Amino acid sequence: MTDYLVNATHLKKSFGANQAVDDISLQVKAGEIYGLVGSDGAGKTTTMRLLVGALRPDAGEITVCGYDVLKQVDNVRAQVGYLSQRFSLYEDLTVLENIRFFAEVRGLSQKEWLPRSMEILEFVGLGNFKDRRAGQLSGGMKQKLGLASALVTRPRLLLLDEPTTGVDPVTRQDFWQLVIKLVSAPALSGVEAQAPQRPSTADFAKSASSSAQDGVSVIISTPYMDEASRCHRVGFMKLGRIIAEDTPSNLRARLAERVLELRGDPINTLRHIAHHDGDVEDVAAFGDKLHLRVKEGRARAVIERLTGVIAAEGATLLELRLVPPTLEDVFIALSER
Amino acid sequence: MNSRLISIIRKEFIQIGRDMRTLVMILVIPIMQLFLLGYSATSDVRNIPLAVLDQSRSPESRSLLDSYRAADYFVIAFTVDSEAEIETLIEGGEARAAVIIPPDYAERLADGNAQVAFILDGSDPTSASTALSAAQLISQSHATALLTERVARTGMNLKVQPPVQVHTTVWYNPDMVSAYFTIPGVIGMILYAIAAILTATSVVRERERGTIEQLIVTPIRPWELIVGKLMPYVILGFFNTIEVLAFGHWWFGVPIRGDLGLILLSSGIFLVTGLGIGLFSSTIANTQQEAMLTVWMTLLPSIFLSGFFFPLEAMPVFLQWLSYLMPLRYFLVIIRSLLLKGVGLATIQTEFLLMSLFAVGIMTAAALRFRKRLD
């Protein structure tokens, strides 16, 4: 039990008749990136808020960094950086003033906060903007400022609630680089290769790790599958429950030999044909391709059958082959259950 | 002091300093209200434009008009030749009153039964009643003067005196300047309105922008958040009190007869009421506009049912009862008594106690609701 940085068991929380979190158990190890994935209303935000003690569970137990969230919430919060979904900073304060405020209310002394804030601002790439009002930052920069203010106390656990929702792909990429840098702090060579022009970046990552022995752990919720695949482990949430939890590759392995990719013309005819095959469970469109999920062990039979039917219908078949499943395929399959 | 508290207070002051709307509210509005109400909310009636139709044109009629001129209640603005002209002037609002002296005024005066007509525009009852009593007073003293003169002329050495003499003395505000009554009220209104509106909007803004979500997960305790958010407005509220008091004293000449410490203490306690109303409103409202509206909804009955403009004694009993629920009512009694009468705490202890009870009650309810909304 003490190996886990986060250990939550049988959590329940309801709002009126709505069972937002229904018997969730969740363990996260030090240095792990754990992704909570699910559609809107699956219970991701409620779970996050329970973990940080912003909500009291109706039932269940949570320990974070060895402290009981229900009894020692202040100790917990001293170790946790939390970025809420609608996270927001004081737009009329400057970047540095924002960080200073969040550093001070978390108990950093006058002497500590300034060097550390500068260190973190350099780390997230906002060093040159410290005197700019937060309201005048771009969306991506605001995101980074949010991350910086959550990091200022060098937390051992970072809870990020949909931090990249509504953010452009380049910024998302940047943001993930930062998260990965944080977690992989002990392996500094990679970090330095990525950002040789900023030596203080590495300094920060080093000091973050030395205070925590291991790298920072991250729990991140996201609706994006590409982000889920970057996590070490993923929990898939539906209706307040975690219905599947594993590493991305193990999750993908659940559908091994069961996903076919179909290309051809006209695509609507192909979709129609695929739908009517008894061994095809689902047809999903990915741009100009279709992904067919077939019953266990029927891939070969489906390929043969469809090739014939498509030719008989007069449609063109460009490609029909077995492909490795994507996380998206897995989640679509899980969602239907 | 607690370092988290200092951080919150400092942050709040930076935000206040950068928000134009808040700055205007703190610096300009109190003075504007003071001047507006100090000058406009006055029932002092001076210089009523008077139309005169003197059909007598005699030394006697001129002497009567002189006594009108001597009192500064009236200004003889028009001298007309017909009653029709009087009607036009009063209808048009150019003249508010008129005197008609009949052609036989001088002769009838000699007989001892002279009559003059006084016409009054009653559409504004306040100024009409002042004008009426002024006109009666002027006529009476003129008549007394004439009588004395006549008696003296007959050679009888007789002192003419009405059987009963009433000597009136007005205490505390001998010149009955309305500003003396209004300005202490303005202090109450500003403490209440500014404190409540600023508190409500600043708390709701945190919720509106989502920053409160970040605050909840810091080690900040609810009471620190409440005190930290309110403290700047306590300081600004005191600043406003002193500002209005100083302007009232030196510009409008409002006396400060009571103990200044006691005045500030009462203002401070009343300020807590305003802050409490603001905090409470913030727990009801979801947007800053809603918060502002909520405060206004409590402000209007407060002003009308506290004796700010209208005397409570003249209200229906039901409204009088309702007025006991208005904390402003108690503060107005206290601040007016302290400023104008210079009384001590003993005289106003009932109001003082009730006001304090309201302050503690409202603030406690607000703080509890605020805490509950955080979860």
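Thresholds applied
Residues numbered from 1 in each chain as written. Chains lettered and ligands numbered in written order. Predicted model: local features only at pLDDT ≥ 70, side-chain atom pairs only at ≥ 80, totals over all residues. Heavy atoms only, no water. Helix = DSSP H or I, 4+ residues; strand = E, 2+ residues; numbered from the N terminus. Buried < 20%, exposed > 50% of the residue type's maximum accessible area, 1.4 Å probe, protein only. Contact = heavy atoms within 4.5 Å. Areas by Shrake-Rupley, 256 points an atom, 1.4 Å probe, with all protein chains shown as cover. Core = buried A, V, L, I, M, F, W, Y, C linked by side-chain atoms within 4.5 Å. Salt bridge = Lys/Arg side-chain N within 4 Å of Asp/Glu carboxyl O. Domains from an automatic or database assignment. Pairing = 2+ DSSP bridges. Axes fitted to C-alpha atoms, helices over the stretch in contact; angles between N-to-C directions. Parallel < 35°, antiparallel > 145°, perpendicular 65-115°, else oblique. Left-handed = near helix turned anticlockwise from the far one by under 90°. Nonpolar A, V, L, I, M, F, W, Y, C, P; charged D, E, K, R; others polar. Phe/Tyr/Trp six-rings, centres within 6.5 Å; stacked < 30°, edge-to-face > 60°. Lys NZ or Arg CZ within 6 Å of the ring centre and 35° of its normal. Expected span 1.5 Å × (residues − 1). Polar contact = N/O pair within 3.5 Å; in protein donor to acceptor, adjacent residues only side chain to side chain.

### Remarks on the overall build of chain B
In step 1: When its secondary structure is counted, chain B shows 15 helices and 4 strands.
In step 2: Viewed in the frame of its principal axes, chain B has a C-alpha envelope of about 95 × 45 × 40 Å.
In step 3: Residue burial in chain B is summarised as follows: out of 375 residues, 47% are buried.
In step 4: Excluding contacts between residues fewer than 6 apart, the proportion of contacts in chain B whose partners are at least 24 apart in sequence is 78%.
In step 5: Roughly 18900 Å² of accessible area belongs to chain B as shown, and the carbon and sulfur atoms make up 64% of that amount.

### A word on the nonpolar core
In step 1: Core analysis: the biggest nonpolar cluster contains 154 residues, and V64, L158, L159, L160, I219 and F331 of chain A have the highest contact counts within it.
In step 2: Residue contributions to this core peak at 18 residues, all from helix α8 (residues 178-209) of chain B.
In step 3: The contact partners of L158 of chain A, leaving out residues within four places of it in the chain, are G81, L147, A150, L151, L182, V216, S217, V218 and I219 of chain A.
In step 4: One finds I48, A97, Y105 and A135 of chain B within the second-largest nonpolar core, a separate group that totals 18 residues.

### Some details on the pattern of salt bridges
Residues and elements named next belong to chain A.
In step 1: Considering all chains together, one arrives at 37 salt bridges over all chains under this definition.
In step 2: Here E227 and R172 are joined by a salt bridge, their closest N and O atoms 3.0 Å apart. Separated by 55 residues along the polypeptide, E227 in helix α9 (residues 225-228) and R172 in helix α6 (residues 169-183) bring together distant segments of the chain.
In step 3: When its relative accessible area of 1% is taken as the criterion, E227 is described as buried.
In step 4: Since its relative accessible area comes to 12%, R172 is described here as buried.

### Details of the domain arrangement of chain B
In step 1: The domain architecture assigned to chain B consists of domain 1 (3-41 + 177-374) and domain 2 (48-154).
In step 2: With centres defined by C-alpha atoms, the gap from domain 1 of chain B to domain 2 of chain B works out at 49 Å.

### Some points on the sheet that holds strand β5 (residues 67-68) of chain A
All names here are of chain A.
In step 1: Across the sheet, which stays open at both edges, the 4 strands sit in the order β2-β1-β4-β5 with antiparallel pairing between neighbours. Each edge of the sheet is formed by a strand with only one pairing partner; in this case those strands are β2 (18-29) and β5.
In step 2: Relative to β5, strand β4 (residues 59-64) runs antiparallel, the two being bridged by 2 bridges. If you follow T63 over to β5, its bridge partner there is D68.

### Some remarks on the sheet that holds strand β10 (residues 241-246) of chain A
All names here are of chain A.
In step 1: With respect to topology, 6 strands assemble into an open sheet ordered β6-β7-β8-β3-β9-β10, the strand pairing being mixed. Looking at which strands have only one partner, the edges of the open sheet turn out to be β6 (80-83) and β10. The sheet shows a mean angle of 15 degrees between the axes of neighbouring strands, taken without regard to direction.
In step 2: Examined bridge by bridge, strand β7 (residues 157-161) and strand β8 (residues 217-222) share 5 bridges and lie parallel to one another. Within the sheet, the bridge partner assigned to L159 lies in β8 and is I219.
In step 3: Docked against the sheet, helix α1 (residues 44-51) engages β3 (33-37), β6, β7, β8 and β9 (233-238), running at close to 155 degrees with respect to β8.
In step 4: Sitting on the sheet, helix α5 (residues 139-151) touches β6 and β7, and the angle it makes with β6 is about 155 degrees.

### Describing the pairing of strand β12 (residues 280-286) of chain A
Residues and elements named next belong to chain A.
In step 1: Summarising the sheet, β12 and strand β13 (residues 289-294) pair through 6 bridges and their orientation is antiparallel. Opposite A285, over in β13, you have L290 as the bridge partner.
In step 2: Linkage of β12 to β13, two consecutive antiparallel strands, is achieved through a turn of 2 residues, within which G287 is found at a positive phi near 65 degrees.

### Regarding the packing of α8 of chain B against helix α12 (residues 288-304) of chain B
Residue and element names in this part refer to chain B.
In step 1: Following both chains from N to C, one finds α8 and α12 inclined at 160 degrees, their axes separated by 8 Å at the closest point. Taken together, the axis directions place α8 and α12 in an arrangement best described as roughly antiparallel. For the pair α8 and α12, the sense of crossing is right-handed. Here M189, Y192, A193, A196, I197, A200, T201, V204, R205 and E208 of α8 come into contact with α12, specifically with Q288, Q289, A291, M292, V295, W296, T298, L299, S302 and I303.
In step 2: Among the residues forming the contact of α8 with α12, the class breakdown is 13 nonpolar, 5 polar and 2 charged.

### Here's the deal with the packing of aromatic side chains
In step 1: For the structure shown, the criterion picks out 16 aromatic pairs over all chains.
In step 2: Across from the ring centre of F101 of chain A, 5.3 Å away, lies the NZ or CZ of K11 of chain B, which sits over that ring.
In step 3: Over the ring of F280 of chain B we find R369 of chain B, and its NZ or CZ is 5.4 Å from the ring centre.

### With respect to α6 of chain A
Helical periodicity: at 3.6 residues per turn, an α-helix aligns residues three or four positions apart in one direction.
All names here are of chain A.
In step 1: Between its terminal C-alpha atoms α6 stretches 21 Å, which fits the 21 Å expected from 15 residues at 1.5 Å a residue.
In step 2: For α6, the complete set of buried residues consists of T171, R172, F175, W176, L178, V179, K181, L182 and V183.
In step 3: One side-chain oxygen at the N-terminal end of α6 lies 3.1 Å from the backbone nitrogen of V170; it belongs to D168.

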